[in-house]
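Close look at the chain arrangement
Each chain is listed here by its residues.
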Amino acid sequence: MIDPITIGVAFAAAKTGVAYVKEAINLGHEIKDCYNELSQFFTAQGQIEKAAAEAEAAKNKPAPDDPEGAKEHQTALEQAFNIVMQRKQMRDMERELKDMFTMKGELALYQELCAERQRIIGAEDDARREAIRQARLEKDIAERKAKEKQEAIELATVVFFLMIAVAGVIWVLIEVQQ
């Protein structure tokens, strides 16, 4: 899980970036002049969203029975709460940015930024899914090879005992005829 310090730094960077953009717009600068701050905001937003997804996954795990584990679980819940609140504030800040883009007549640029962000997130998700699929495939292949090896051992064992049984029957038949 992303540590709380990293999340806090990302959140502070996002707030600073939005504040800078607001100030620059108020001073008459163009949105394009605020590229670094906008990039900083969207990067921080991505980090917080990732942390939120991880916190959501951790939140769904049952609380442990031992007191030390319960303490860790409580800390995780507090962290999840903080992430959710920061996530809400990030959405509010993004809404403010969208309003600034609209006031400057750059709504199409904002929409293009959001579309590109979604495309990148989708590509990352696709890559993650492909990595998971590949890992499962490798695991399935290894399990299949292990199963085939086990079946070969079982078959060899059965053949061995059948050969001993046939040899025993032949020996008995030879002994009975003499």
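Going by the structure above, here's the rest.
Now for a look at the structure at hand. Everything numeric in this text was worked out from a predicted model, so none of it was measured.

1. What to know about the overall build of the chain
- For the chain, the helix and strand inventory stands at four helices and zero strands.
- Sequence-ordered secondary structure for the chain, helices as α and strands as β, is α-α-α-α.
- Scored against the burial criterion, the 178 residues of the chain give a buried share of 21%.
- Considering only contacts within the chain whose residues lie at least 6 apart along the sequence, 73% involve residues at least 24 apart.
- Of the accessible surface of the chain, which amounts to about 13000 Å², a share of 60% is contributed by carbon and sulfur atoms.

2. Some remarks on the environment of T43
- Locating T43 in the fold gives a position in helix α2 (residues 35-59).
- Judged by its relative accessible area of 45%, T43 is partly exposed.
- At 2.8 Å, the side chain of T43 and the backbone oxygen of S39 are in polar contact.

3. A short note on the pattern of salt bridges
- Per the stated rule, a full pass over the model turns up eight salt bridges.
- The shortest N-O distance in the salt bridge between K88 and D92 comes to 3.0 Å. Taken together, the positions of K88 and D92, both in helix α3 (residues 67-103) and four residues apart, correspond to about one turn of that helix.
- Here K88 falls in the partly exposed class, since its relative accessible area comes to 40%.
- Put simply, R95 and D92 hold a salt bridge, and the shortest N to O gap is 3.0 Å. Of this pair, R95 and D92 both sit in helix α3, three residues apart, which is roughly one turn of that helix.

4. Overview of the packing of aromatic side chains
- The final tally for this structure, using the stated rule, is three aromatic pairs.
- Between F160 and F161 the ring centres are 5.5 Å apart and the planes differ by 70°, which places this aromatic pair in the edge-to-face class.
- Given a relative accessible area of 48%, F160 falls into the partly exposed group.
- For F161, a relative accessible area of 52% corresponds to the exposed category.

5. Considerations on the side chain of E106
- Along the polypeptide, E106 turns up in the loop between α3 and α4 (107-177).
- When residues no more than four places from it in sequence are discounted, the contact partners of E106 are E30, I31, K32 and F101.

6. A short note on the nonpolar core
- Ranked by internal contacts, the top residues of the largest apolar core, which has 25 residues, are V21, L38, F41, M90 and L97.
- Mapped onto this core, the elements with two or more residues apiece are α1 (4-26), α2, α3 and α4.
- Take this core: its biggest share by element is eight residues, from α1.
- Residue contacts for F41: discarding those within four places in its chain leaves A14, V18, M90, M93, E94 and L97.

7. Looking at a nonpolar patch on the surface
- Residues F81, V84 and M85 make up a contiguous nonpolar surface patch of roughly 290 Å² in combined accessible area.
- Summarising the element assignment, F81 is placed in helix α3.
- Among the residues examined, F81 registers a relative accessible area of 52% and is labelled exposed.

8. Comments concerning the layout of surface pockets
- Quantified by volume, the largest pocket comes out at close to 760 Å³.
- If you trace the largest pocket, you find 23 residues lining it, with F42, T43, G46, R117 and I121 closest to the centre.
- A total of 11 residues in the lining of the largest pocket trace back to one element, the largest contributor, which is α2.
- Its residues placed into classes, the lining of the largest pocket shows 10 nonpolar, six polar and seven charged.

Thresholds, definitions, all that
- For every chain, the first residue of the written sequence is number 1, and numbering continues from 1 onward in sequence order.
- The predicted nature of this model means local features are confined to residues of pLDDT at least 70 and side-chain atom pairs, given and counted, to a pLDDT of 80 or more, with totals for whole chains, interfaces and linings taken over all residues.
- By convention in this description, side-chain values take in all heavy atoms of the structure and omit both hydrogens and water.
- Helix and strand assignments follow DSSP, with helices taken as H or I runs no shorter than four residues and strands as E runs no shorter than two, numbered in order from the N terminus.
- Each residue is placed in one exposure class: buried if its accessible area under a 1.4 Å probe, protein chains only, is under 20% of its type's maximum, exposed if it is over 50%, and partly exposed if it falls in between.
- When checking whether two residues touch, look at their non-hydrogen atoms; a contact exists if any pair is within 4.5 Å.
- Surface accessibility follows the Shrake-Rupley procedure with a 1.4 Å probe radius. Residue values consider only the protein chains on display as shielding.
- Identification of polar contacts relies on pairs of N or O atoms within 3.5 Å, with a donor-acceptor requirement for protein atoms, meaning one able to donate a hydrogen and the other able to accept it, and with residues adjacent in sequence counted only if both atoms are side-chain atoms.
- A carboxyl oxygen of Asp or Glu within 4 Å of a side-chain nitrogen of Lys or Arg is what we treat as a salt bridge.
- Note on aromatic contacts: the rings of Phe and Tyr and the six-membered ring of Trp form a pair at centre separations within 6.5 Å, being stacked when their planes are under 30 degrees apart, edge-to-face when over 60 apart, and tilted otherwise.
- Note on terminology: a nonpolar core comprises buried Ala, Val, Leu, Ile, Met, Phe, Trp, Tyr and Cys residues joined through side-chain atoms within 4.5 Å.
- Any residue with relative accessible area above 30% and no salt bridge may belong to a patch, with like charges joined within 9 Å and the nonpolar Val, Leu, Ile, Met, Phe, Trp and Tyr side chains within 5 Å.
- We place a 1 Å grid over just the protein atoms. Points where a 1.4 Å probe fits but has no way out form a cavity, open points with protein on both sides within 12 Å along at least 5 of 7 lines form a pocket, and any residue with an atom within 4 Å of a point lines it.
- Grid points are joined across faces, edges and corners, and a volume is the space filled by probe spheres set on the points.
- Classification convention: Asp, Glu, Lys, Arg as charged; Ala, Val, Leu, Ile, Met, Phe, Trp, Tyr, Cys, Pro as nonpolar; all other residues, Gly among them, as polar.

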